[in-house]
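# Overview (structure and organization)
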Amino acid sequence: MLDLITSTAAIRLIVLFALFLIVVSVAYYAIAGGDRRARLARGIKDIEDSGASTTSALAGREKESTWTRVADRVEKAGLSLKDSNYDELQLKLRAAGYTSKSAPRVYTLVRLILVFVLPGWYLLIASMAEEPPSGMRIYLICSALALAGLYIPNLFIRAKADRRREEIINGFPDCLDLLLVCVEAGLGLEAALGRVGREMIGSHKLIAELLVETTYRLRAGAAREDALHHLSDSAGVDEIRSFATLLIQSDKLGTSISQTLRVYAGEMREARRLRAEERAHRLPVLISIPLVACMLPTMIGVLALPAIVRYVREVSPAMGG
């Protein structure tokens, strides 16, 4: 059989063509299977992204539980982590997105660790140097690092709270528009909040988490007024506090929620436009600083350079005799 195949050119071509078809078919099914697995993986990822709020909340609870255990061990050792301004600190941390009850204790623990770790790190580096610094220099640098470790967490929390507040404010008008569409389509407030929260996970994750959490509270049996108050406290933004107050008043007085949402959505869009115009009007003032610092000396040099060259070549020799 092999001799017949190798001796006849036509049979050899047929066999090679059959092998080619087999290889192509195997490669095609392998690629199709890989593409199918990739589509399934993308679908699973989309499903996971749709539940991103729950996943992130669970991850946050896991991290918080780890830090909480550390803080509990430190307190059991005899060191108190309670701050004198507990309520104010809790509001500040909640505005930054840390809603756990143990967040103030963890914040105090981090500050305490940094106060000792940063000077210790410098002392370790100084001890490994060939020429150790003087005692006064070590004292000043260690004091500065201790103060930095005391204030760096505060600056971090403040910056994170500002970014979170700005993100919520910029995305809240879109949330109001979607809520208005859902309410006018016939959904109740609870269903509208849940629907908008699921739809806004990809665009405005923070607002989606707030709305989904409020929906879960309503489904768990909490009163609408308590759930909306918790929404405003968790957000830490004046616009959402006003929104929650409007919804509570509309619910109590029996007025139309859709009309309330339409008016407030228009006000929020107008406020966002005014903020954008304010930033645009600040640009000329901000641009003038690098223009004066960089371009003005260059322009003065270009304009004065011919006169300086002429003075050096003609006037200075003439004045020198």
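All of these numbers come straight from a predicted model, not from anything done at the bench.

Moving on to the confidence of the model for the chain. Residues of the chain with pLDDT of at least 70 account for 78%, and the chain-wide mean is 76. Ignoring residues within four places in sequence, the model shows residues 50-55, a span with pLDDT below 50, making six contacts including any to other chains. The low-confidence segment residues 57-63 (pLDDT under 50) makes zero contacts with residues lying over four places distant or belonging to another chain.

Following the criterion strictly, the structure yields two aromatic pairs and no others. Seen in terms of ring centroids, Phe 172 and Phe 243 are 5.2 Å apart; in terms of plane orientation they differ by 80 degrees. Their pairing is edge-to-face. One end of the pair, Phe 172, is in helix 6 (residues 135-184); the other, Phe 243, is in helix 10 (residues 238-253), and 71 residues separate them in sequence. Assigned by exposure class, Phe 172 and Phe 243 land together as buried. Ring pairing ties together the aromatic residues Phe 172, Phe 243 and Tyr 264, which thus form one cluster.

By the element assignment, Thr 215 lies in helix 8 (residues 205-219). Leaving out residues up to four positions away in the same chain, Thr 215 has contacts with Glu 190, Leu 193 and Gly 194.

Topologically, Ala 244 is positioned in helix 10. Look at Ala 244 and you get buried, because its relative accessible area is 2%. Separated by 16 residues in the primary sequence, Ala 244 and Leu 228 have C-alpha atoms spaced 5.4 Å apart. Every residue in contact with Ala 244, bar those within four places of it in the chain, is listed here: Leu 228 and Ser 232.

Looking now at the nonpolar core. Of all hydrophobic cores here, the largest spans 34 residues; its most connected members are Phe 172, Cys 175, Leu 176, Leu 179, Ile 240, Phe 243 and Leu 261. Looking at this core, the elements that each hand over two or more residues are helix 6, helix 7 (189-199), helix 8, helix 9 (224-235), helix 10 and helix 11 (257-319). The element best represented in this core is helix 6, accounting for nine residues. Those residues within four positions of Phe 172 in sequence are excluded, and the remaining contacts are Ile 207, Glu 239, Ile 240, Phe 243, Tyr 264 and Met 268.

In total, this model carries eleven salt bridges according to the counting rule given. Asp 162 serves as the salt-bridge partner of Arg 165, at 3.0 Å between the closest nitrogen and oxygen. Here Asp 162 and Arg 165 lie together in helix 6, a separation of three residues that amounts to about one turn. Owing to a relative accessible area of 29%, Arg 165 belongs among the partly exposed residues under this scheme. Residue Arg 219 pairs with Glu 190 through a salt bridge whose shortest N-O separation is 3.7 Å. Of this pair, Arg 219 sits in helix 8 while Glu 190 sits in helix 7; the two residues are 29 residues apart in sequence, bridging distant segments of the chain. Of the residues examined, Arg 219 reaches a relative accessible area of 52% and is grouped as exposed.

Moving on to the packing of helix 6 against helix 10. Axis separation between helix 6 and helix 10 bottoms out at 10 Å; the angle between their running directions is 25 degrees. One element, helix 6, and the other, helix 10, form an angle in the roughly parallel class. Across the interface between the two elements, Ile 168, Ile 169, Phe 172, Leu 176 and Leu 179 from helix 6 touch Glu 239, Ile 240 and Phe 243 from helix 10. Among the residues making up the contact of helix 6 with helix 10, the classes are represented as seven nonpolar, no polar and one charged.

Conventions used here
- Residues numbered from 1 in each chain as written.
- Predicted model: local features only at pLDDT ≥ 70, side-chain atom pairs only at ≥ 80, totals over all residues.
- Heavy atoms only, no water.
- pLDDT = per-residue confidence, 0-100.
- Contact = heavy atoms within 4.5 Å.
- Phe/Tyr/Trp six-rings, centres within 6.5 Å; stacked < 30°, edge-to-face > 60°.
- Helix = DSSP H or I, 4+ residues; strand = E, 2+ residues; numbered from the N terminus.
- Buried < 20%, exposed > 50% of the residue type's maximum accessible area, 1.4 Å probe, protein only.
- Core = buried A, V, L, I, M, F, W, Y, C linked by side-chain atoms within 4.5 Å.
- Salt bridge = Lys/Arg side-chain N within 4 Å of Asp/Glu carboxyl O.
- Axes fitted to C-alpha atoms, helices over the stretch in contact; angles between N-to-C directions.
- Parallel < 35°, antiparallel > 145°, perpendicular 65-115°, else oblique.
- Nonpolar A, V, L, I, M, F, W, Y, C, P; charged D, E, K, R; others polar.

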